[in-house]
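Topology and contacts: notes
Residue-level listing of the chains:
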Amino acid sequence: MKTLNERHNYGLNLVLLSIDEGISGYRDDSLETVKRNQIQYDLPLKILSYQELYGWTMDAIVKEIGMKNNCTFCGVFRRQALDRGAAILKCDKIVTGHNADDIAETVIMNILRGDIARLGRCTSITTGSEGMISRCKPFKYTYEKEIVMYAHFKKLDYFTTECILFS
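Predicted model only: the values in this text are computed from it and were never measured.

**Section: the pairing of strand E1 (residues 16–20)**
Judged from the 5 bridges that link them, E1 and strand E2 (residues 45–49) form a sheet pairing that is parallel. Residue pairing across strands places Ser-18 opposite Ile-47, the latter belonging to E2. The parallel pair E1 and E2 is bridged by helix H2 (residues 27–41), and the resulting crossover is right-handed.

**A few points about a nonpolar patch on the surface**
On the surface, a cluster of nonpolar side chains totalling about 460 Å² of accessible area is made up of Met-1, Leu-4, Tyr-10, Leu-12 and Val-95. Of note, Leu-12 is situated in the loop between helix H1 (2–7) and E1. Judged by relative accessible area, Leu-12 falls into the partly exposed class, the value being 40%.

**Side note on the sheet that holds strand E5 (residues 134–136)**
Taken in spatial order, the 3 strands line up as E3-E5-E4 in an open sheet, and their pairing is mixed. Sheet topology places strand E3 (93–95) and strand E4 (126–127) at the edges, where each strand pairs with a single neighbour. Pairing geometry for E3 and E5, over 3 bridges, is parallel. Bridged to Val-95 within E5 is Cys-136.

**Here's the deal with the packing of aromatic side chains**
In the structure shown here, the tally under the stated rule is 8 aromatic pairs. Their ring planes at 45° and their centres at 5.5 Å tell us that Tyr-54 and Phe-77 sit as a pair that is tilted. Placement of the pair is Tyr-54 in helix H3 (residues 50–54) and Phe-77 in helix H5 (residues 70–88), with a sequence separation of 23 residues. Seen from their ring centres, Trp-56 and Phe-77 are 4.7 Å apart, and the 55° between their planes marks the pair as tilted. Of the two residues, Trp-56 is situated in the loop between H3 and helix H4 (58–65) and Phe-77 in helix H5; the sequence distance between them amounts to 21 residues. With a relative accessible area of 26%, Trp-56 lands in the partly exposed category. Taking the relative accessible area as the measure of exposure, Phe-77 reaches 16% and is therefore buried. Taken together, the ring pairs in this structure connect Tyr-50, Tyr-54, Trp-56, Phe-73 and Phe-77 into an aromatic cluster.

**A few points about the confidence of the model for the chain**
Residue-level pLDDT values for the chain average 89, and 99% of them are 70 or greater. By mean pLDDT, helix H7 (residues 116–121) is the weakest element of the chain at 79, and E2 is the strongest at 97.

**Overview of H5**
Its 19 residues place the ends of H5 26 Å apart at the C-alpha level, agreeing with the 27 Å of an ideal helix rising 1.5 Å per residue. Of the surrounding elements, those touching the buried residues of H5 are E1, E2, H3, H4, E3 and E5. Directly beyond the C-terminal end of H5, a positive phi value near 60° is found at Lys-90.

**Examining H4**
Among the residues making up H4, those that are buried are Met-58, Ile-61 and Val-62. Buried residues of H4, viewed axially, fall in a sector of 95°; they line one side. The exposed residues of H4 that point more than 90 degrees off its buried face are Lys-63 and Glu-64. Elements that come into contact with the buried residues of H4 comprise H3 and H5. Immediately beyond the C-terminal end of H4, within one or two residues, lies Gly-66, with a positive phi of roughly 85°.

Definitions and limits used
Residues numbered from 1 in each chain as written. Predicted model: local features only at pLDDT ≥ 70, side-chain atom pairs only at ≥ 80, totals over all residues. Heavy atoms only, no water. Pairing = 2+ DSSP bridges. Helix = DSSP H or I, 4+ residues; strand = E, 2+ residues; numbered from the N terminus. Right-handed = clockwise from strand over helix to strand, strands pointing away. Patch = residues over 30% accessible without salt bridge, like charges linked within 9 Å, V, L, I, M, F, W, Y side chains within 5 Å. Areas by Shrake-Rupley, 256 points an atom, 1.4 Å probe, with all protein chains shown as cover. Salt bridge = Lys/Arg side-chain N within 4 Å of Asp/Glu carboxyl O. Buried < 20%, exposed > 50% of the residue type's maximum accessible area, 1.4 Å probe, protein only. Phe/Tyr/Trp six-rings, centres within 6.5 Å; stacked < 30°, edge-to-face > 60°. pLDDT = per-residue confidence, 0-100. Expected span 1.5 Å × (residues − 1). Contact = heavy atoms within 4.5 Å. Arc of directions from axis to C-beta.

What follows is the structure in C-alpha cells.
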C-alpha cells in the first residue's frame, strides 16, 4: 500500500494496526515482524492487545472454555479490536490481508452454519454499514501461496503460519 500510495500520489495517510490476541508462541513472532515493518516502511504502528481491551487473553479464554469454538470467540473479539483500534487512530477505512483462501474458508463456514446473511457479505471486497468503519480486502482474489511466493521473491519481511489454537 505504501508503494502504491507513493507511486500514484493517492494521498493516503497509512498507519499499521496490529492486534495481540495473547496467544503464546504464535503472536510473538508476528508482532516482531510488524515492528520491523514499521521501521522498514516508516509508518506509525499501534498494537492493541486483548489484555488491554478486554482484560484477558486468548490463552486465558482457551484455558477456561477449552479448544472448542475458540476461533469463533477470537474472530469476534479481533474484529471488534480492529474497529476500536481504527477509531482510536481516527481511520476511515481498515485494509486487511484477507486472501482468497480466507474467503473460501469463511464461505464454507457460513454454509455449514446456515448463516445466509453473512454468506453474501463475506465475499464483498469492501464491507461496512452506516456509522461503521468500512473494510477493504485488496487480496480477495489472491491465493495465500501467491502472496507468500511474492514476499519471498521480493525478499519482504513477512510472517506466515497457522494459529496454534486453530481448531
